[in-house]
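# Structural characterization, general
Here is how the chains run, residue by residue.
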Amino acid sequence: MAGAQGGWVLTATARSPTNIAVIKYWGKRDETLILPVNDSISVTLDPDHLSATTTVAVSPSFDRDRMWLNGTEISLSGGRFQNCLREIRQRARDVENKEKGIHIRKEDWEKLHVHIASYNNFPTAAGLASSAAGFACLVFTLAKLMNVSEDGAALSSIARQGSGSACRSLYGGFVKWVKGEAANGSDSIAVQLVDESYWNDLVVIIAVVSSRQKETSSTSGMRDSVVTSTLLQHRAEVIVPSRILQMEEAIKNRNFGSFARLTCADSNQFHAVCLDTTPPIFYMNDTSHRVINTVERWSQFEGAPQVAYTFDAGPNAVLIAPSREVASLLLQRLLFFFPPPPDTKLEGYMVGDTSILQEAG
Ligand code: ADP
Ligand code: DP6
Ligand code: CO
């Protein structure tokens, strides 16, 4: 390893968007490799609105790997961070920075330590898939720093070992995570169904009902569901396989009615599985239920779904409208039913007790 002076630091920075599942992943068949019990489909959001930004620094003066999340140091001892770091380090190549007079050889990466700083521009661990944006970004930034040549598919498989939903954030547009069959996870991969330009009339509105950290992480919630919920088994074996086919068809044909019906039904069934878990898990709260009611009443009145709603493992609503016109009507309805305090800027306004209403794409 050659460095001009001993005190050099080399950094890489990247940003990754979050993704929201319209057919949910909930349940693993392998906890270590993170292999799911069913396929899932998600839409990747615009990184300008909901994303993680990660900087990784390497220096011979660092004596161990460390990470800060939103400014607070967190432990890297969990298997997931270690798995991602190991997989990327194994693929690291020579890096030369002539300007700084640094040459890191492939074999040096095993001895060098990294410092990682990541920020989410949206609530962390609140059911807006921060783990998806976070691990996709971590893997991508490490690969950039270490000059890894693997393509998006390989990086996606590594991100999956950080958080399952992260494998879908390496692609834009609509993405399917195929559960695969192989015991080593080789065929459990994310594939892009259509890119972000294919159905670009869609508008996503995030109604942050609470930015507080959830009590039950997705990881432990789904572990309990796998062990105790019989509904989960039926969902994974019978319901999801047919819904995946219908959802792929709806996306291909840009059939918003079918897309909205499937999205809402799958969100509600996922939360039913949470209730069917012992002890039951309550991710949605009263405000979330009121948002569902607002949307459902509107659909009944018009005779067809006007917008789709979906809730991940948290109380925050993700609302998808078929056009800017409908999105603006939806915003008007939300502002009517959940009026903001006086003088609130719309961007930073919250639905119900503590929430934000934000247009995200
Ligand atoms: P969410 O619904 O936000 O995805 P999870 O319970 O699935 O919540 O995951 C939250 C965890 O994801 C955090 O405790 C942290 O370990 C990890 N995480 C969140 N953001 C990042 C990030 N930017 N970089 C790395 N890891 C992150
Ligand atoms: C409800 O990917 O956060 O958002 O793999 O244990 O990290 P781990 O779980 P995570 O679970 C996401 C669950 C979900 C649905 C989805 O994103 O498909
Ligand atoms: Co998550």
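This paragraph deals with the state of the cysteines. For the structure on display, the rule yields 0 disulfides. Cys137 forms no disulfide, and the closest cysteine sulfur to it belongs to Cys84, at a distance of 12 Å. The thiol of Cys167 is not disulfide-bonded; the next cysteine sulfur, from Cys84, is found 12 Å away. Given a relative accessible area of 1%, Cys167 falls into the buried group.

On average, residues of the chain carry a pLDDT of 92, and 93% of them reach 70 or more. When the criterion is pLDDT under 50, residues 352–361 qualifies, and its contacts beyond four places in sequence or with other chains add up to 52 contacts. Taken together, the chains of this predicted complex give a pTM of 0.94 and an interface ipTM of 0.99.

This next bit is on the pairing of strand β7 (residues 66–69). By the bridge criterion, 4 bridges tie β7 to strand β11 (residues 113–120) in an arrangement that is parallel. Across the sheet, the residue bridging to Leu69 is Ser118, located in β11. The sheet contact formed by β7 and strand β8 (residues 72–74) spans 3 bridges and is antiparallel. Residue pairing in the sheet places Leu69 in a bridge with Thr72 of β8. The hairpin turn running from β7 into β8, its antiparallel successor, is 2 residues long, and Asn70 in that turn takes a positive phi close to 50 degrees.

Okay, the site of ligand 2 next. As a structural note, the neighbourhood of ligand 2 is formed by 18 residues, with Tyr25, Lys28, Ser163, Gly164 and Ser165 the closest of them. Measuring from an oxygen atom of ligand 2, one finds a side-chain N or O atom of Lys28 at 2.7 Å. Here an oxygen atom of ligand 2 sits 2.9 Å away from a polar atom, N or O, in the side chain of Arg80. If ligand 2 stood free it would expose 460 Å²; the protein chains cover 96% of that surface. With 3 residues, helix α4 (residues 218–228) is the single largest residue contributor to the shell around ligand 2. For the shell around ligand 2, the per-class residue count stands at 7 nonpolar, 6 polar and 5 charged.

Contact geometry of helix α1 (residues 79–90) with helix α2 (residues 130–145) gives a least axis separation of 10 Å together with a crossing angle of 30 degrees. By the angle class used here, α1 and α2 are roughly parallel. Handedness of the crossing formed by α1 with α2: right-handed. Packed against α1, whose contacting residues are Arg80, Phe81, Cys84, Leu85 and Ile88, the element α2 presents Phe135, Leu138, Val139, Leu142 and Ala143 at the interface. Looking at side-chain class alone, the contact of α1 with α2 contains 9 nonpolar, no polar and 1 charged residues.

Attention shifts here to the packing of α2 against helix α3 (residues 152–160). The geometry of α2 relative to α3 is characterised by a closest axis approach of 9 Å and an angle of 130 degrees between their N-to-C directions. Taken together, the axes of α2 and α3 lie oblique to each other. For the element pair α2 and α3, the recorded crossing hand is right-handed. Residues Phe135, Ala136, Val139, Phe140 and Ala143 of α2 form the contact with α3, whose own contacting residues are Leu155, Ile158 and Ala159. Classifying every residue of the contact of α2 with α3 gives 8 nonpolar, no polar and no charged.

The strand order across the open sheet formed by 5 strands is β1-β6-β11-β7-β8, and the pairing between neighbours is mixed. Looking at which strands have only one partner, the edges of the open sheet turn out to be β1 (10–17) and β8. Across the sheet, the axes of successive neighbouring strands diverge by a mean angle of 20 degrees, strand direction being ignored. Running over the sheet, α2 touches β1, β6 (51–59) and β11 and is turned about 145 degrees from β1.

Our focus in this paragraph is helix α8 (residues 324–337). Here α8 is 14 residues long and its end C-alpha atoms lie 20 Å apart, about the 20 Å a rise of 1.5 Å per residue gives. When we look at burial in α8, the residues that qualify are Val326, Ala327, Leu330, Leu331 and Leu334. Buried residues along α8 cover an arc of 145 degrees about the axis, so they all sit on one side. Across α8 from its buried face, at more than 90 degrees, point the exposed residues Glu325, Gln332 and Phe336.

Turning to the site of ligand 1, a few remarks are in order. Close to ligand 1 lie 18 residues; Ser118, Asn120, Ser130, Ser131 and Lys214 are nearest. The side chain of Ser130 places a nitrogen or oxygen atom 2.6 Å from an oxygen atom of ligand 1. Between ligand 1 and the protein, one listed contact pairs an oxygen atom with a side-chain N or O atom of Lys214 at 2.6 Å. Its free accessible area being 580 Å², ligand 1 has 85% of it covered by the protein chains. Residue assignment for the shell around ligand 1 shows that the elements contributing at least two residues are β7, β11 and α2.

Reading the values: the criteria
- Counting from 1, residues in each chain are numbered in the order their sequence is written.
- Key to labels: chains lettered from A, ligands numbered from 1, both in the order written.
- Under the rules for a predicted model, residues below a pLDDT of 70 receive no local features and side-chain atom pairs below 80 are neither given nor counted, while totals for whole chains, interfaces and linings still include all residues.
- The basis for every side-chain value is the complete set of heavy atoms in the structure, and neither hydrogens nor water enter the calculation.
- Criterion for a disulfide: a pair of cysteine sulfur atoms within 2.5 Å.
- A simple rule labels every residue: compare its accessible area, found with a 1.4 Å probe on the protein chains alone, to the largest value its type can have, and call it buried under 20%, exposed over 50%, or partly exposed in between.
- Confidence per residue, as judged by the predictor, is encoded in pLDDT with a range of 0 to 100.
- Residue contacts are defined here by distance: any two heavy atoms, one from each residue, within 4.5 Å place the two residues in contact.
- If DSSP finds at least two bridges between two strands, the strands pair.
- Helix and strand assignments come from DSSP, with helices taken as H or I runs of at least 4 residues and strands as E runs of at least 2, each series counted from the N terminus.
- Put simply, a residue is near a molecule or strand once any heavy atom of it comes within 4 Å of that molecule or strand.
- Polar contact is the term for a pair of N or O atoms within 3.5 Å; when the atoms are in protein, one must be able to donate a hydrogen and the other to accept it, and sequence-neighboring residues count only if both atoms are side-chain atoms.
- To measure how exposed things are, a 1.4 Å probe is used in the Shrake-Rupley method; for residues, cover is taken only from the protein chains shown.
- For this classification, Asp, Glu, Lys and Arg are treated as charged, while Ala, Val, Leu, Ile, Met, Phe, Trp, Tyr, Cys and Pro are nonpolar and the rest, including Gly, are polar.
- For helices, the fitted axis covers only the stretch in contact; all axes are lines through C-alpha atoms, and the angles between them, taken along N-to-C directions, range from 0 to 180 degrees.
- Any angle from 65 to 115 degrees is called roughly perpendicular, while one under 35 is roughly parallel, one over 145 is roughly antiparallel, and all others are oblique.
- Should the near helix be turned counterclockwise from the far one by less than a right angle, the crossing is left-handed, whereas a clockwise turn marks it as right-handed.
- One fewer than the residue count of a helix, multiplied by 1.5 Å, yields its expected span.
- To be clear, the arc concerns the directions from the helix axis to the C-beta atoms.

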